[in-house]
Amino acid sequence: MTKTFLDHGMGINQPVFLVAEAGVNHNGDINKAFELIDAAVCAGASAVKFQTFITEENVSKDTPLASHHLENVGMSISHYDLIKKLELPLESFLKLKKYCKEKNILFISTPYDLISAEYLVSINSDMIKIASSEMLNFPLLNLIGKSKIPVILSTGMSDWSEIHSSVLFLKEYHNEICILKCTSNYPSNPENINLLGLNKIRDIFSDCYVGFSDHSEGSEISLASLGIGIHMIERHFT
């Protein structure tokens, strides 16, 4: 039976739900992924989130490196090879989900292609996050929406029309949706974050949960977001 956000301890009069964003910081090593789960548990996080993808379904051999890749790794490796090194086999995520259950922490992942989304649905991921890059990927939204698994929707690279279209599409399935305010810079400068955007999300989508994906350094911006009244905070960690 699919659980709700409230079943998972998130909602009105509940403590803020803290998602520890492991992403691909396991560097393609499942043992490191287990260590990241342990670290999230020790930090008191409510959930740990990974990224699930098949490189060939997302990146061509000719895809150029992103600017932050160039700054950190230079031209020593192609975008395709860099992403491929960070990929875990699909079956790894069932092992990670089972380990999360043993450690009493929720398992979340972000799929970037239909095959990965189908797999996360098949293992009944506690929640599924949709990256802002997939905001108008309606085949992906359709697959996830039909599952009735609670959805976290990131807005980092999206405009209001894209957010509105995606939220309305997902609501056709009566999904529980948590919309995350996000500034997609790594790291984000505090002056560029615009926390007041949380109020606009809450006003427009009053029947959705609201959260903040914080890409800034330090804890000050996350703490400030609590004063606006949110349900979820997501933080990257290594």
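The notes below deal with the structure included here. (Residues numbered from 1 in each chain as written. Predicted model: local features only at pLDDT ≥ 70, side-chain atom pairs only at ≥ 80, totals over all residues. Heavy atoms only, no water.)

Looking at the nonpolar core
Considering soluble globular proteins, one finds that nonpolar side chains tend to be buried as a cluster. Rules: Working definition of a nonpolar core: buried Ala, Val, Leu, Ile, Met, Phe, Trp, Tyr and Cys residues. They are joined through side-chain atoms within 4.5 Å. Partly exposed describes any residue whose relative accessible area lies between the buried limit of under 20% and the exposed limit of over 50%, with all areas from a 1.4 Å probe on protein chains only and scaled to the type maximum. Helix and strand labels come from DSSP, where a helix needs a run of H or I of at least four residues and a strand needs a run of E of at least two; each type is numbered from the N terminus. By definition, residues are in contact when any of their heavy atoms lie within 4.5 Å.
Counting 50 residues, the largest nonpolar core has Ile37, Val48, Phe50, Phe93, Leu96, Phe107 and Val167 as its most contacted members. Broken down by element, the residue count for this core peaks at five residues, all from helix H5 (residues 90-102). Residue contacts for Val167: discarding those within four places in its chain leaves Leu153, Ile177, Ile179, Phe205 and Cys208. If you look at the next biggest cluster of nonpolar residues, it comprises 13 residues, including Val19, Ala47, Ile108 and Cys178.

Side note on the pairing of strand S8 (residues 232-236)
As a general feature of sheets, a regular strand has side chains that alternate between the two faces. Inclusion rule: For two strands to be treated as a pair, DSSP must find no fewer than two bridges joining them. A crossover gets the label right-handed when its path from the first strand over the helix to the second runs clockwise, viewed with the strands pointing away from the viewer.
The pairing of strand S1 (residues 17-23) with S8 spans five bridges and is classified as parallel. Its bridge partner being in S8, Val19 is matched across the sheet by Glu234. Bridge count for strand S7 (residues 209-214) against S8 is four bridges, and the pairing is parallel. Bridged to Gly211 within S8 is Met232. Handedness of the crossover joining S7 and S8 through helix H10 (residues 220-226): right-handed.

The quantities given are spatial measurements derived from coordinates; they are silent on function.
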